[in-house]
Amino acid sequence: MPSIDTIAYGLIGLIAIAILVSLFRILREYERGVVFTLGRFSGVKGPGFIILVPFVQQMVRVDLRSIVLDVPSQDVISRDNVSVKVNAVLYFRVIDPERAVIQVEQFRDATSQLAQTTLRSVLGKHELDEMLAERDKLNDDLQSILDAQTDAWGIKVANVEIKHVDIDESMVRAIARQAEAERNRRARIINSEGEEQAAEKLVEAAQQLARVPEAMQLRYLSTLYDISSDKSSTIVFPMPVNLFRELMERAPKSGRQENDDAVGKDAGAPI
């Protein structure tokens, strides 16, 4: 049976080993240690092998890698009074371990809460069409605002991306009707512009044909040739109006001359 001295020496040895183990720390390349001596900040150490004085110095590990934070879906009312649900993803990293530990408690949770409130406040100042069509601009605005507010915490917000904008089903139908009306409007405008351009070209063609009257007859013949290639078509040959006018003028003259001749013969006949 071991004696009391042996047990005491064994306990002392275990305590010494524990103290020696607590003296040494190994920090990875992406880690830094914020060291406090008797509760006061004494520096940032790492990476590599460092030594701490037991019961006198404490260390808080800080990860310097980029952190991907999923911002939960937020209920947002846009400037045009449309209720939507928006979620986003946030990319940030710690650039100053001292401020990230001393200036804020749990910098990860603080950044998450700040991102949620900023997402609601920024998107509430924009209309629904801007949320759907100008995401890049909104992402830049969110990133700049969050980066300015988290700078005091030693945190750099690298990027903010809006992932989903969920809209109510009734609003989706209203947007579809609006898009259809917009497409109809554009179609009418394009059709009107085409009619205007066609009218301008017809005026130019008429001016060109009016310079040489024979060109109009050649145009008639060319049109008839194009139509004659289709056997199922009915060809209507245009007649000049001047031809009918001359026939109408000659008919009364010939009628009056025959009447005069008849009257002359009657006058010369014996009674």
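Residues numbered from 1 in each chain as written. Predicted model: local features only at pLDDT ≥ 70, side-chain atom pairs only at ≥ 80, totals over all residues. Heavy atoms only, no water.

(A) Geometry of the side chain of Gln143. Here Gln143 is to be found in helix 5 (residues 135-150). Accessibility expressed as a relative area gives 18% for Gln143, which makes it buried. Residues contacting Gln143, with those up to four places away along its chain left out, are Lys156, Val157, Ala158, Asn159 and Val160. (Helix = DSSP H or I, 4+ residues; strand = E, 2+ residues; numbered from the N terminus. Buried < 20%, exposed > 50% of the residue type's maximum accessible area, 1.4 Å probe, protein only. Contact = heavy atoms within 4.5 Å.)

(B) Just the confidence of the model for the protein chain, in detail. Scored by pLDDT, the protein chain has a mean of 81; 78% of the residues are at 70 or more. For the stretch residues 266-271, pLDDT sits under 50, and the model shows zero contacts to residues farther than four places along the chain or on other chains. (pLDDT = per-residue confidence, 0-100.)

(C) Fine view of a nonpolar patch on the surface. A grouping of Ile7, Leu11, Leu14, Ile17 and Val21 is seen on the molecular surface, where their side chains present a nonpolar patch of about 500 Å² in accessible area. Looking at where Ile17 falls in the secondary structure, it is placed in helix 1 (residues 4-23). (Patch = residues over 30% accessible without salt bridge, like charges linked within 9 Å, V, L, I, M, F, W, Y side chains within 5 Å. Areas by Shrake-Rupley, 256 points an atom, 1.4 Å probe, with all protein chains shown as cover. Salt bridge = Lys/Arg side-chain N within 4 Å of Asp/Glu carboxyl O.)

(D) The nonpolar core, seen in detail. Counting residues in each nonpolar core, the largest one holds 34 residues, and the members touching the most others are Val84, Val86, Leu90, Phe92, Phe107 and Leu123. Elements that contribute at least two residues to this core include exactly strand 2 (31-37), strand 6 (67-77), strand 7 (83-94), helix 3 (107-123), helix 4 (128-133), helix 5 and strand 8 (155-167). For this core, the element with the most residues is helix 3, which contributes seven residues. In contact with Leu123, not counting residues within four places along its chain, are Val76, Ser78, Val86, Met131, Leu138 and Ile162. (Core = buried A, V, L, I, M, F, W, Y, C linked by side-chain atoms within 4.5 Å.)

(E) Representation of unusual backbone geometry. Cis geometry is found at the peptide bond from Gly46 to Pro47, where omega equals 0 degrees. Residues other than glycine seldom take positive phi values, yet Leu38 does so here, at roughly 55 degrees. Note on placement: Leu38 falls in the loop between strand 2 and strand 3 (40-45). One non-glycine residue with positive phi stands out, namely Phe55, at about 65 degrees. Note on placement: Phe55 falls in the loop between strand 4 (48-51) and strand 5 (57-63).

(F) Fine view of the sheet that holds strand 5. Taken in spatial order, the three strands make up an open sheet running 3-2-5, and their pairing is antiparallel. Among the strands making up the open sheet, the edge pair consists of strand 3 and strand 5. Averaged over all pairs of adjacent strands, the angle between their axes in this sheet comes to 25 degrees, without regard to strand direction. (Pairing = 2+ DSSP bridges. Axes fitted to C-alpha atoms, helices over the stretch in contact; angles between N-to-C directions.)

(G) Local environment of the sheet that holds strand 6. Taken in spatial order, the three strands make up an open sheet running 6-7-8, and their pairing is antiparallel. Taken across any chain shown, the strands that pair with only one partner, and hence form the sheet edges, are strand 6 and strand 8. Adjacent strand axes in the sheet meet at a mean angle of 20 degrees when their direction is disregarded. Looking at chain direction, strand 7 and strand 8 are connected through 11 bridges and run antiparallel. Within the sheet, the bridge partner assigned to Lys85 lies in strand 8 and is Asp166. Each of strand 6, strand 7 and strand 8 touches helix 3; the most contacted strand, strand 6, lies at about 35 degrees to it.

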